[in-house]
Structures are given as C-alpha cells and as structure tokens.
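Coordinate inspection notes
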Amino acid sequence: MSAQIIDGNAIAKSLRQEIAQEVEQWSAQGRRLPGLAVLLVGNDPASEVYVRGKRRDCDEVGFHSIVQHLSANVTQQDLEARIASLNSDPTIDGILVQTPLPAHIDEARIIDSISPEKDVDGFHAYNIGLLALRRPAMRSCTPKGVMLLLEHVGCTFKGQDAAIIGASNHVGRPMGLELLLAGATVTMAHKFTQDIQSKVKHADIVISAVGRPDLVPAQWIKPGAVVIDVGITRGPNNKLLGDVQFEAVKQVASWITPVPGGVGPMTRIALLQNTLQAAKATMGLS
Ligand code: GUN
C-alpha cells in the first residue's frame, strides 16, 4: 500500500479563494475589511518568515493587516498596553502575538490580555474552555487546520481511535478536544508516556506534534491509518523536517501529510477564517 498525500497547499489555495470572494462581496456592499494585527517581538528569523506569510495571506484575500515589529527589549507593560489599544481599535478584528516571546515576557499573561473575541489564535483560556465545554468559538489554528484536512479526506471521527503525540497548550491539548468533540476516542501521548508505540499502534488517526525529526517510524502505524505530521524542525541547510519517517510511513498509511506543504498552510487558513469570523461577529453578521 502507498498512502495518498494530503496536499495542504492545494486545499488551502481553494479555501483562500473562497475567503477572498466573500471579502470582495463585503467591500462591494461598502463594509469595512476584516482587520488583523500581528505583534512580532525581536528578530527570530523563523518568526519573521511566518509573519511575512501571514501578511501575504491577508493581502491575497483582501484583509486589512498591520504588523507591529517590536524590539526584543520591549517590556511586559508596553506589550500589554499595545494589546489594550488594539482591543479597543474598531478597525482590528484579530490580534496575534507571534511566539516564541523573549524569556523576560510572561506569555500566559500576554495571551490573557487579548480580548477573547479578538483571540484569532484561539489560545485564550476562555476559548480553550469553551472548546472543552463543547461550545467552540475561536478555535486554535493548527488543530482547526488539521480538522479541515481530516474532513477533506473523508474522516468520519465517530467511533474512530485517534492518537496524538505531544500535549502542548497550543497544539496537542486543543487537538485532543477537537477530536473528542468530533466523536473520536482520543489517546494523548507525551513526555512521560511509556511505550508510545502501544498507544499509537491501534489508532485510525495519528497526529504527531512534537518537533523531533524521524520520531514516528512505520512500525508504530496501523495499516490504513491517516497520519498527520504537525512537527516542524529546521535541519541542516535550513531544510524543514517533520516528526514522521515519511517514506516508510507512506508505505503503511492510507493518507499522509508532507512537511512542508501539509499542516502549515492550513494553520494559516484557520487564522484567516478566524479573523473573518471575528469580523462577522463584530458586524452582527454571524
Ligand atoms: N509561532 C509559530 N506558529 C504560531 C502561531 O500559529 N501563532 C502564534 N501566535 N505564534 C506562532
């Protein structure tokens, strides 16, 4: 068996066109454009690349976007004051603070200070709490993007076994809540899990979000499983590497995402969808 490759770039392209059409109709009706503000702190090269990509996506679909590029020495107080100002800015629907942040910044407090209605990353405790209570509002972007991919390949979720490797706040945990809400039976493996293979081997859906190249070998995968690789690590020559041993796992899985070109473009789509959703809510259109 050789798995079919899930082309995140192609799926994202068609969803971007849908968003662009909707925005075009809006502006034809004289409405203001959805607005995204990105706060970028310091000069992490990978973060700068991500933020440029988000800006480009906004331009492509016709959103208003601003980027505030701040010094690595910015204070907690200054950053929180900027967020407070964006919280009350009527031209801005979504606020995204690019992570990682410098060590002297308390990231949890920064996320807490974003208005939950403008939390287009879906990181705020209020939005994670609503997802846990089966009332999703602003959904975390990477898990939402993964759900879009799984729906695209026809996953039914109900009664399926899903295994998630990695239990981070931004990906693993909300991913578990998404799959649970969709009706899957969810197993979460993390750094204290013993014998990960035995937990993953029975799963119909496997999602790896660790950031360790080649972590997931073919022996861990049930024949016919859908395998989603969220891991992104920069290897030698700046090459992007996933968690999954792609060539070997491709021989066992039914569907598999590549790195790059799998989950990454869908995370960006989820950000655009969330910003549009926030704008609709503000305008009383949802
Ligand atoms: N850093 C890497 N990916 C992301 C993301 O999706 N959102 C934020 N805020 N920071 C990131």
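Structural data are supplied above this passage.
A few points about the overall build of the protein chain
Along its length, the protein chain carries 10 helices and 11 strands. Over its C-alpha atoms the protein chain spans a radius of gyration of 19 Å, differing by no more than 12% from the 19 Å that the globule rule assigns to 286 residues. Expressed as lengths along the three principal axes of its C-alpha atoms, the size of the protein chain is roughly 50 × 45 × 40 Å. Relative to its full complement of 286 residues, the protein chain shows a buried share of 48%.

Regarding the site of the ligand
The environment of the ligand is formed by Lys54, Leu96, Val97, Gln98, Thr99, Asp121 and Phe123. Here a nitrogen atom of the ligand sits 2.8 Å away from a polar atom, N or O, in the main chain of Val97. One of the side-chain nitrogen or oxygen atoms of Gln98 is found 3.1 Å away from a nitrogen atom of the ligand. For the ligand, the protein covers 79% of the area, taking 280 Å² as the surface of the free molecule. Per-class residue counts for the shell around the ligand are 3 nonpolar, 2 polar and 2 charged.

Brief notes about the packing of helix α6 (residues 141-152) against helix α10 (residues 263-282)
Running from N to C, α6 and α10 cross one another at 110°; their axes reach a closest spacing of 7 Å. Classed by the angle they form, the pair α6 and α10 counts as roughly perpendicular. Between α6 and α10, the residues in contact are Cys141, Thr142, Lys144, Gly145, Val146, Leu148 and Leu149 and Val263, Met266, Thr267, Ile269, Ala270, Leu271, Gln273, Asn274 and Gln277, respectively. When grouped by side-chain class, the residues that make up the contact of α6 with α10 number 9 nonpolar, 6 polar and 1 charged.

Describing the pattern of salt bridges
Across all of its chains, the model carries 9 salt bridges by this definition. Here Glu80 makes a salt bridge to Arg109, at a shortest N to O gap of 3.2 Å. A residue pair is termed long-range when its members are at least 10 positions apart, and Glu80 in helix α3 (residues 76-87) and Arg109 in helix α4 (residues 107-113) qualify at 29 residues. Its relative accessible area of 23% is what places Glu80 among the partly exposed residues. Classification of Arg109 as partly exposed rests on a relative accessible area of 44%.

Structural notes on the side chain of Asp121
Mapping Asp121 onto the fold places it in the loop between α4 and α5 (125-132). With no salt bridge to any partner, buried Asp121 finds its closest opposite charge in Lys54, at an N-O distance of 5.6 Å. Filtering out sequence-adjacent residues up to four positions away, Asp121 remains in contact with Leu96, Val97, Arg139, Ser140 and Cys141.

Considerations on the sheet that holds strand β7 (residues 205-208)
Taken together, the 6 strands give an open sheet; going across it, the order is β1-β11-β8-β7-β5-β6, and neighbouring strands pair in parallel fashion. In this open sheet, the two strands that pair with only one neighbour each are β1 (4-5) and β6 (185-189).

Some points on unusual backbone geometry
The omega torsion across Thr99 and Pro100 is 5°, close enough to zero to call that bond cis. Here Pro100 shows up in the loop between β4 (94-97) and α4. Cis geometry marks the peptide bond from Val259 to Pro260; its omega dihedral reads 0°. Relative to the assigned elements, Pro260 resides in the loop between β11 (255-256) and α10. In this structure, Asp195 takes a positive phi of about 55° despite not being glycine.

Observations regarding helix α7 (residues 172-182)
All of the buried residues along α7 are Gly172, Pro174, Met175, Gly176, Glu178, Leu179 and Ala182. Elements in contact with the buried residues of α7: α5, α6, β5 (161-165), β6 and β7. The first or second residue beyond α7 is Gly183, which carries a positive phi of 105°.

Some thoughts on the nonpolar core
Here is a general trend for soluble globular proteins: nonpolar side chains tend to be buried in one another's company. Ranked by size, the top nonpolar core spans 48 residues in total, and within it Leu150, Leu179, Ile207 and Ile228 carry the most contacts. In terms of residue count, the dominant contributor to this core is α10 (9 residues). With near-sequence residues (within four places) excluded, Ile228 lies in contact with Ile6, Val146, Leu150, Val206, Ile207, Ser208, Thr257 and Val263. The next biggest cluster of nonpolar side chains, apart from the first, holds 20 residues, and it includes Ala3, Ala163, Ile165 and Ile256.

Section: the side chain of Lys250
Considering the arrangement of structural elements, one finds Lys250 in helix α9 (residues 246-250). On the basis of relative accessible area, Lys250 is assigned to the buried category, the value being 16%. Every residue in contact with Lys250, bar those within four places of it in the chain, is listed here: Met1, Ser2, Ala3, Ile5 and Ile256.

Brief notes about the packing of helix α1 (residues 8-28) against α10
Remark: α1 packs on α10, axes separated minimally by 9 Å, with the N-to-C direction vectors making an angle of 20°. The angle between α1 and α10 places the two elements in the roughly parallel class. Considering how the two elements wind past one another, α1 and α10 form a crossing that is left-handed. Residue-level inspection shows Gly8, Asn9, Ile11, Ala12, Leu15, Arg16, Ile19, Glu22, Val23 and Trp26 of α1 in contact with α10, the latter providing Pro265, Met266, Ile269, Leu272, Gln273, Leu276, Ala279 and Lys280. Of the residues contributing to the contact of α1 with α10, the split by class is 12 nonpolar, 3 polar and 3 charged.

Reading guide: rules and limits
- Residues numbered from 1 in each chain as written.
- Predicted model: local features only at pLDDT ≥ 70, side-chain atom pairs only at ≥ 80, totals over all residues.
- Heavy atoms only, no water.
- Helix = DSSP H or I, 4+ residues; strand = E, 2+ residues; numbered from the N terminus.
- Rg over C-alpha atoms; globule rule 2.2 N^0.38 Å.
- Buried < 20%, exposed > 50% of the residue type's maximum accessible area, 1.4 Å probe, protein only.
- Near = heavy atom within 4 Å.
- Polar contact = N/O pair within 3.5 Å; in protein donor to acceptor, adjacent residues only side chain to side chain.
- Areas by Shrake-Rupley, 256 points an atom, 1.4 Å probe, with all protein chains shown as cover.
- Nonpolar A, V, L, I, M, F, W, Y, C, P; charged D, E, K, R; others polar.
- Axes fitted to C-alpha atoms, helices over the stretch in contact; angles between N-to-C directions.
- Parallel < 35°, antiparallel > 145°, perpendicular 65-115°, else oblique.
- Contact = heavy atoms within 4.5 Å.
- Salt bridge = Lys/Arg side-chain N within 4 Å of Asp/Glu carboxyl O.
- Lys, Arg positive; Asp, Glu negative; His and termini not counted.
- Pairing = 2+ DSSP bridges.
- Core = buried A, V, L, I, M, F, W, Y, C linked by side-chain atoms within 4.5 Å.
- Left-handed = near helix turned anticlockwise from the far one by under 90°.

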